[in-house]
Amino acid sequence: MSTLDSKIPPGPIEKKWTDHKSHIRIVAPANKRRIDVIVVGTGLAGGAAAASLAEMGYNVKAFCFQDSARRAHSIAAQGGINAAKNYQNDGDSTFRLFYDTVKGGDYRAREANVYRLAEVSANIIDQCVAQGVPFARDYGGLLDNRSFGGVQVSRTFYARGQTGQQLLLGAYSALMRQVGKGAVQMFDRHEMLDVVVVDGKARGIIARNLITGELERHGAHAVLLCTGGYGNVFFLSTNAMGSNVTAAWKAHKRGAYFGNPCFTQIHPTCIPVSGTHQSKLTLMSESLRNDGRIWVPKSLEDAKAIRDGKKKGSDIAEGDRDYFLERRYPAFGNLVPRDVASRAAKERCDAGFGVNKTGEAVYLDFGAAIQRYGKLEANIHKIENASPEKIRELGTKVVSDKYGNLFEMYENIVGEDPYMHAMKIYPAVHYTMGGLWVDYNLQTTVPGLFALGEANFSDHGANRLGASALMQGLADGYFVIPYTVGDYLADDIRTGAIDTKSAAFEEAETAVKGRIDHFLNNKGTKPVDDFHRRLGKVMWDKCGMARNATGLLEAIAEIRRIREEFWRDVRVPGTANEFNQELEKAGRVADFLELGELMCVDALNRNESCGGHFREEYQEADGEAKRDDVNFRNVFAWEWNGDPSTSPLHKEQLEFEVVKLTQRSYK
């Protein structure tokens, strides 16, 4: 085991990034024209990076497996993006955003990276406003803010419940401007299937044209992976169906260490599972917890009556409701961090208080908010003696203006009006804090290979605060990588074009082709989804919201059996030289089957509870997570050796020089 060098700059934390930018090497404008950069993924991190690097003069190739760059999964983010602008004059600052993020991640994130993220956050908002992103505004015309979990200030900028879509359209417009200028070559419907490493450096990728099936070689002086997270290892998650780990996993197999793979975020406000027919889950934005109150009945009899269809939530009197987050965490109430809220909901449901047929749901109720807003509106408009119906009408209008599209989405899926009946929600897999290990420059352990956004591990520790994913993606793409990639590329100005006919490219393409041929010639009996669903159940049951050593050991053995059967008995119809989505899925599930085992190995080796990693053996008397800062104040970074269960483990020791290590409390 080796100690990893994070390349954190020296000096006070508030000066590290400024001083680092002033001293790292840069590439002269005339030399940038000689340098090729590949960007894989066109979400917020990838779109921002590709547009920025092209604007600077580099030759950029951008790849996405969707039919358009604007369909990247960043589009699905709903609630908002954090920035320390203190528009609400409620005490926010760069330091407070930094502190909240470190604490929210349960002290398992790198201080220097988090401070940089907080430092550049204000620039992100200015950039996006300049691009025309239609952020919500208050009555005076200034940008509005709302609160998210784990903080006591309002710092989240938003565009109703479509913030990710609007931000992505901003990045997409910047990207397509560069495509129009010829500075970016856009390759949609292309999937990266391997990284090519030449003399120890990342020098290109092997990509498959998903329409024709053709394998293509693309060379570059640097490769940026901006390919999102791996939540679909659980089969059911809030991720898009196509979201996968393949690009990051191929990089891992080529020498990039994988950091903290077991750190998975479970989002507390998702539409519950309704049956085995489902292929994905739907998120209800965390912003709903600004006004929605989460509760279950106080009595088991009432909960059972609701499950049996004999009562509705509206039949339960106010005094008979348990607003359990407000009861357990009075300082933060319904806006505790996601990991805390998720475990609390699970605990209530496990105790028998769940409110849907499966017993795995709690209420998210807007009744009080509608009444409060209705009365305020009646006062503002001087409506005396307003009837209850009028108050409800006025309050519903305010809630609709803030969250309308989310309510429409819920009603379309569930078939119930959430203005009249409380939403039913339950935790579900959402985000992955783990990812490729990167240093301060966002470079992996493979020189020339960088990872941005959710594809890396760096900024969120063991739990991501809501509205910070969009912040990190845009920070990495617009304000970090344009500086740090130059420090690496300064050595490449005389390299010349990368030769894609070299032995390394030949070997990589042959390996990809051999894998495809195996799938198509295997002639097994079971479809890909059968294996994916079985893997997901093992992961959710034994490496999900709660883990223990016995379950993790069982999961490792079960995953190995599923993987062995997959390679022996999977059936993939069609051919290689056509649009073949079953073939695409087969490759992605093969990678999930290896990643899933590594996640369980990672969780088994981390003998503590922190953030989204909850080991049942390590908890406080009140059921809260119990960290071990003596033995596990570090990043786990795994090296590939061909077998996830015996992968060599490397560690990066985390130092907390600014934020004092303390047990998290939101009470």
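For every chain, the first residue of the written sequence is number 1, and numbering continues from 1 onward in sequence order. Where totals are concerned, whole chains, interfaces and linings use all residues; where local detail is concerned, this predicted model gives features only for residues with pLDDT of at least 70, and gives and counts side-chain atom pairs only at 80 or more. Excluding hydrogens and water, the side-chain figures rest on all heavy atoms present in the structure.

(A) Structural context of the overall build of the protein. Tallying secondary structure elements over the protein gives 17 helices and 19 strands in all. Taken over the C-alpha trace, the protein has a radius of gyration of 25 Å; the compact-globule value for 667 residues is 26 Å, and the two agree within 12%. Its C-alpha atoms put the protein at 80 × 55 × 50 Å along the principal axes. Only protein chains enter the calculation, and the probe is 1.4 Å; a residue is then buried if its accessible area is under 20% of its type maximum, exposed if over 50%, and partly exposed in between. Looking at the protein residue by residue over its 667 residues, the buried ones come to 61%. Contacts: residue pairs with any heavy atoms within 4.5 Å of one another. For the protein, restricting intrachain contacts to residue pairs at least 6 apart in sequence, the fraction spanning at least 24 positions comes to 75%. Computed with the Shrake-Rupley method and a 1.4 Å probe, the accessible areas treat only the protein chains shown as cover for residues. Accessible surface, the protein as shown: approximately 25100 Å² in total, 49% of it carbon and sulfur. We count Lys and Arg on the positive side and Asp and Glu on the negative side, and we leave His and both chain ends out. Each charge is placed at NZ for Lys, CZ for Arg, CG for Asp and CD for Glu. Of note, the protein has its 84 positive side-chain charges centred 1 Å away from the centre of its 85 negative side-chain charges. A run of H or I in DSSP becomes a helix once it reaches four residues, and a run of E becomes a strand once it reaches two; helices and strands are each numbered from the N terminus. To get the radius of gyration, use the C-alpha atoms; to get the globule rule, take the number of residues to the power 0.38 and multiply by 2.2 Å.

(B) Spatial organisation of the domain arrangement of the protein. Either an automatic procedure or a domain database provided the assignment from which the domain bounds are taken. Taken domain by domain, the protein holds domain 1 (270-428) and domain 2 (501-632). Summing both sides of the interface, domain 1 and domain 2 together bury roughly 730 Å²; the carbon and sulfur share of this comes to 55%. Salt bridges are defined by distance alone: a side-chain nitrogen of Lys or Arg within 4 Å of a carboxyl oxygen of Asp or Glu. If you look at where domain 1 meets domain 2, you find one salt bridge. Note that R328 and E624 form a salt bridge whose closest N and O atoms lie 3.2 Å from each other. The term polar contact refers here to a pair of N or O atoms within 3.5 Å; inside protein, the definition further demands a hydrogen-donor-capable atom paired with an acceptor-capable atom, and it admits residues adjacent in sequence only when both atoms are side-chain atoms. Where domain 1 packs against domain 2, one counts three residue pairs in polar contact (both at pLDDT 80 or more). Where the side of domain 1 that touches domain 2 is concerned, the elements lending two or more residues are helix 10 (338-353) and strand 15 (423-432). For the side of domain 1 that touches domain 2, the element with the highest residue contribution is helix 10, accounting for four residues. Asp, Glu, Lys and Arg are counted as charged, while Ala, Val, Leu, Ile, Met, Phe, Trp, Tyr, Cys and Pro are counted as nonpolar; the rest, among them Gly, fall into the polar class. Its residues assigned to classes, the side of domain 1 that touches domain 2 shows three nonpolar, two polar and four charged. Summed over both partners, buried area is the accessible surface (1.4 Å probe) that two parts give up on being assembled.

(C) Region of interest: the packing of helix 1 (residues 16-23) against helix 5 (residues 111-130). Interhelical geometry of helix 1 versus helix 5 gives an angle of 90° and a closest axis separation of 9 Å. Compared by their axis directions, helix 1 and helix 5 come out roughly perpendicular. Counted together, K16, W17 and T18 of helix 1 and A112, R116, E119 and V120 of helix 5 form the full contact between these two elements. Of the residues belonging to the contact of helix 1 with helix 5, the class tally is three nonpolar, one polar and three charged. For helices, the axis comes from a line fit to the C-alpha atoms of the stretch in contact; other axes are also lines fit to C-alpha atoms, and the angle between any two N-to-C directions lies between 0 and 180 degrees. Should an angle fall under 35 degrees it is taken as roughly parallel, and over 145 as roughly antiparallel, whereas 65 to 115 is taken as roughly perpendicular and any remaining angle as oblique.

(D) Looking closely at the sheet that holds strand 10 (residues 258-259). Strands are labelled as partners when DSSP assigns at least two bridges between them. If you trace the four strands from one edge of the open sheet to the other, you get 16-10-18-19, paired in antiparallel fashion. Strands at the two margins of the open sheet, each flanked by one partner only, are strand 16 (435-436) and strand 19 (649-653). As paired strands, strand 10 and strand 16 are joined by two bridges and run antiparallel to one another. Within strand 16, the position partnered with F258 by the bridge is L436. Across the sheet, helix 17 (residues 581-605) is in contact with strand 10 and strand 18 (634-638); its angle to strand 18 comes to roughly 145°.

(E) Examining the pattern of salt bridges more closely. Under the defined criterion, the tally for this structure stands at 61 salt bridges. Salt-bridge contacts for D439 lead to K7; the nearest nitrogen and oxygen are separated by 3.8 Å. Of this pair, D439 sits in the loop between strand 16 and strand 17 (449-451) while K7 sits in the segment before helix 1, and the two are 432 residues apart along the sequence. Given a relative accessible area of 42%, K7 falls into the partly exposed group.

(F) Representation of unusual backbone geometry in the model. Residues other than glycine seldom take positive phi values, yet N260 does so here, at roughly 45°. Summarising the element assignment, N260 is placed in the loop between strand 10 and strand 11 (264-270). Backbone geometry at L442 places phi at a positive 70°, although glycine is not the residue there. Following the sequence through the fold, L442 ends up in the loop between strand 16 and strand 17.

(G) Spotlight on the sheet that holds strand 1 (residues 36-40). Read across the sheet, five strands follow the order 5-2-1-9-17 without closing on themselves; strand pairing throughout is parallel. The sheet is open, and its two edges are formed by strand 5 (184-187) and strand 17, each paired on a single side. Taken pair by pair, the neighbouring strands of this sheet meet at an average axis angle of 20°, ignoring direction. Bridging between strand 1 and strand 2 (residues 59-63) involves five bridges; their strand directions are parallel. By the bridge assignment for strand 2, D36 is matched with N59.

(H) Looking closely at the packing of helix 15 (residues 528-543) against helix 17. Contact geometry for helix 15 and helix 17: axes closest at 10 Å, N-to-C directions at 20°. Put simply, helix 15 runs roughly parallel to helix 17. Of the two elements, helix 15 crosses helix 17, and the hand of that crossing is left-handed. Between helix 15 and helix 17, the residues in contact are V528, D529, H532, L535, M539 and C543 and E582, K585, A586, V589, F592, L593, G596, M599, C600 and A603, respectively. By the definition used in this description, the sense in which the near helix is turned from the far one sets the handedness, with an anticlockwise turn below a right angle giving left-handed and a clockwise turn giving right-handed.

(I) Representation of the side chain of D365 within the structure. Turning to its location among the elements, D365 is positioned in strand 14 (residues 362-365). In terms of polar contacts, D365 uses its side chain to reach the side chain of R321, at 3.1 Å. Of note is the side chain of D365, whose polar atom sits 2.7 Å from the backbone nitrogen of G367. Non-local contacts of D365, meaning those with residues more than four positions away in its chain, are made with D291, G292, R293, W295, R321 and A422.

(J) Layout of the packing of aromatic side chains. Whether two aromatic rings pair depends on their centres lying within 6.5 Å, for rings of Phe, Tyr and Trp, where Trp uses its six-membered ring; planes under 30 degrees apart make the pair stacked, over 60 edge-to-face, and the rest tilted. Tallied over the full model, the rule gives 26 aromatic pairs. Clustering of aromatic rings is evident, with ring pairs tying together Y230, W249, F258 and W640. The ring of Y666 carries K103 above its face, with NZ or CZ at 4.5 Å from the centroid. Here, a charge over a ring is recorded when the distance from Lys NZ or Arg CZ to the ring centre is within 6 Å and its angle to the ring normal is within 35 degrees. Taking the ring centre of Y431 as reference, the NZ or CZ of R464 above it sits at 4.1 Å.

(K) Summary view of the nonpolar core. Counting 154 residues, the largest nonpolar core has I81 and L224 as its most contacted members. The residues contacting L224, other than those within four sequence positions of it, are V37, I38, V39, V40, A49, L53, F450, L452, I481 and V485. One finds C349, V398, Y403 and Y666 within the second-largest nonpolar core, a separate group that totals 33 residues. The nonpolar core is taken to be a set of buried Ala, Val, Leu, Ile, Met, Phe, Trp, Tyr and Cys residues, with the residues joined through side-chain atoms within 4.5 Å.

(L) Structural detail: the environment of E214. Here E214 is to be found in the loop between strand 7 (201-209) and strand 8 (215-219). Measuring from C-alpha to C-alpha, the distance between E214 and N634 comes to 43 Å, with 420 residues separating the pair along the chain.

(M) Focus on the pairing of strand 14. Every second residue of strand 14 is oriented toward a common face, with V362 and L364 on one face and Y363 and D365 on the other, all of them buried. The sheet contact formed by strand 12 (residues 293-297) and strand 14 spans three bridges and is antiparallel. Paired with I294 across the two strands is L364, which belongs to strand 14. Of the strand pairs in this sheet, strand 14 and strand 15 are connected by three bridges, and their pairing is antiparallel. When the sheet's bridge partners are listed, Y363 is paired in strand 15 with K424.

(N) Geometry of the pairing of strand 12. For strand 12, the buried fraction is high: four of the five residues fall into the buried class. Here strand 12 pairs with strand 13 (residues 321-322) via two bridges, running antiparallel. The residue bridging P297 from the neighbouring strand is R321, located in strand 13.

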